[in-house]
Amino acid sequence: MAGKTLTRMDLSEAVFREVGLSRNESAQLVERVLEMMSDALVEGEQVKISSFGTFSVRSKSARVGRNPKTGEEVPISPRRVLTFRPSHLMKDRVAAGNKA
Amino acid sequence: MIRSELIQKLADENPHLYQRDVERIVNAIFEEIIEAMANGNRVELRGFGAFSVKKRDARVGRNPRTGESVEVEEKHVPFFKAGKLLRDRLNGQDA
């Protein structure tokens, strides 16, 4: 397993290779895609990208937590959490690509 | 929001680009992420989140219908963790 970390730069590079745009414009488009997805999620919308996966926002109610070190009880406020469910295609490709 | 809405929105904002190219751009982004994970790499998108691959050890599973034991091979699964900025925004702490 290679174990590299890719960043926005690599995604921009992929866009740059795919379409004949400048590197700068490619980077801006990547940024906009991430922003549009984030904005939809913040609005409470589900983001469903076919053959990639689904991002959804779940609401969690308040509960009493405990500091595992001190045993002290602390209130945990209600919050919204983001979950990602990968598509079958993504799961299959990740499983196949990493097979020992 | 679904893939086609994302493409449409991006196309509306970029009237100088062909719709077909916007489609290729959006597809290239998601394809690059899947390809990276298929190669055992991680994709870290600051503010948004990180995609990584987690290893699930081999185990002895059970067929829930028959109760029969089955060997489940070791496998790798995709994983996503939301970034701090997005988590904060979801909870009303706009940065």
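Note that this is a predicted model, so its numbers are computed, not measured. (Residues numbered from 1 in each chain as written. Chains lettered and ligands numbered in written order. Predicted model: local features only at pLDDT ≥ 70, side-chain atom pairs only at ≥ 80, totals over all residues. Heavy atoms only, no water.)

Q: Honestly, the overall build of chain B in this entry has me stumped. Any pointers?
A: Secondary structure assignment for chain B yields three helices and five strands. Moving toward the C terminus, one meets the helices and strands of chain B in the order α-α-β-β-β-β-β-α. Its C-alpha radius of gyration of 19 Å places chain B more than 25% over the 12 Å reference for a compact globule of 95 residues. Here the C-alpha coordinates of chain B stretch approximately 60 × 35 × 30 Å along the principal axes. Looking at chain B as a whole, 43% of its 95 residues are labelled buried. (Helix = DSSP H or I, 4+ residues; strand = E, 2+ residues; numbered from the N terminus. Rg over C-alpha atoms; globule rule 2.2 N^0.38 Å. Buried < 20%, exposed > 50% of the residue type's maximum accessible area, 1.4 Å probe, protein only.)

Q: What is the right way to read the packing of helix α2 (residues 23-42) of chain A against helix α2 (residues 19-38) of chain B from this model?
A: When two helices pack together, their arrangement is given by the angle between their axes and by how far apart the axes lie. Two elements in contact, α2 of chain A and α2 of chain B, have axes separated by 11 Å at closest approach and are oriented at 80°. As summarised for this structure, α2 of chain A and α2 of chain B are arranged roughly perpendicular, according to the angle between their axes. The segment α2 of chain A lies against α2 of chain B, with Leu-29, Val-30, Val-33 and Met-37 of chain A engaging Ile-25, Val-26, Ile-29 and Phe-30 of chain B. Its residues assigned to classes, the contact of α2 of chain A with α2 of chain B comprises eight nonpolar, no polar and no charged. (Axes fitted to C-alpha atoms, helices over the stretch in contact; angles between N-to-C directions. Parallel < 35°, antiparallel > 145°, perpendicular 65-115°, else oblique. Contact = heavy atoms within 4.5 Å. Nonpolar A, V, L, I, M, F, W, Y, C, P; charged D, E, K, R; others polar.)

Q: Mind showing me how you'd approach the sheet that holds strand β6 (residues 79-86) of chain A here?
A: Strand pairs in the sheet, formed through backbone hydrogen bonds, run parallel or antiparallel to each other. All names here are of chain A. On the basis of which strands lie adjacent, the open sheet formed by three strands has the order β2-β3-β6 and antiparallel pairing. Because the sheet does not close on itself, it has two edges, and the strands there are β2 (47-49) and β6. Strand-to-strand, the axes of this sheet are offset by a mean angle of 20°, without reference to chain direction. Pairing of strand β3 (residues 53-60) with β6 involves eight bridges; the strand directions are antiparallel. (Pairing = 2+ DSSP bridges.)

Q: Looking at this structure, how should I read the sheet that holds strand β1 (residues 42-45) of chain B?
A: In spatial order, the strands read β1(A)-β1(B)-β2(B)-β5(B); together these four strands make up an open sheet with mixed pairing. The outermost strands of the open sheet, each flanked by one partner alone, are β1 (5-6) of chain A together with β5 (75-82) of chain B. Two strands pair when backbone bridges link them, and β1 of chain B and strand β2 (residues 49-56) of chain B are joined in this way by three bridges, in the antiparallel orientation. Bridge pairing links Leu-45 of chain B to Gly-49 of chain B in β2 of chain B. Where helix α3 (residues 88-97) of chain A meets the sheet, its contacts fall on β2 and β5 of chain B, and the angle it forms with β5 of chain B comes to roughly 125°.

Q: Any chance you could explain the interface of chain B and chain A here in plain terms?
A: The parts lose accessible area when they come together, and the size of an interface is often stated as this lost area. Taken residue by residue, the interface counts 47 residues in chain B and 55 residues in chain A. The interface formed by chain B and chain A holds six salt bridges in total. Among the salt bridges present, the one from Glu-18 of chain A reaches Arg-24 of chain B, with a minimum N-O distance of 3.0 Å. Where chain B touches chain A, the interface holds 24 residue pairs in polar contact (both at pLDDT 80 or more). Listing elements by their share of the side of chain B that touches chain A, those giving two or more residues are α1 (3-13), α2, β1, β2, β5 and α3 (84-90) of chain B. Broken down by element, the residue count for the side of chain B that touches chain A peaks at 15 residues, all from α2 of chain B. Considered class by class, the residues forming the side of chain B that touches chain A number 26 nonpolar, seven polar and 14 charged. (Salt bridge = Lys/Arg side-chain N within 4 Å of Asp/Glu carboxyl O. Polar contact = N/O pair within 3.5 Å; in protein donor to acceptor, adjacent residues only side chain to side chain.)

Q: Help me understand the confidence of the model for chain B, please; the structure alone is not making it clear to me.
A: Detailed reading of the predicted model is not advised wherever pLDDT is low. Residue and element names in this part refer to chain B. Within chain B, residue pLDDT values average 95, and 98% of them lie at 70 or more. Mean pLDDT across the elements of chain B ranges from a minimum in strand β4 (residues 69-72), with 92, to a maximum in β1, with 98. Listed scores for the predicted complex are pTM 0.90 and ipTM 0.90. (pLDDT = per-residue confidence, 0-100.)

Q: How do you make sense of the nonpolar core when you look at a structure like this?
A: Across soluble globular proteins, nonpolar side chains show a tendency to be buried alongside one another. Judged by nonpolar contacts, the single largest core of 46 residues is most densely connected at Phe-52 and Phe-55 of chain A together with Leu-6, Ile-33, Phe-48 and Phe-51 of chain B. When neighbours within four sequence positions are excluded, Phe-51 of chain B is seen to be in contact with Phe-52, Phe-55 and Phe-84 of chain A together with Ile-33, Met-37, Arg-42, Val-43, Leu-45, Phe-79 and Phe-80 of chain B. (Core = buried A, V, L, I, M, F, W, Y, C linked by side-chain atoms within 4.5 Å.)

Q: Sorry if this is basic, but what is going on with the pattern of salt bridges here?
A: Close approach of charged atoms lets side chains of opposite charge pair. Counted under the stated rule, the structure contains 16 salt bridges over all chains. Here Glu-35 of chain B makes a salt bridge to Arg-93 of chain A, at a shortest N to O gap of 2.7 Å. Pair noted here: Glu-35 of chain B is in helix α2 and Arg-93 of chain A is in helix α3, and the two residues belong to different chains. A network of salt bridges, in which partner residues are shared, links Glu-18 of chain A together with Asp-21 and Arg-24 of chain B.

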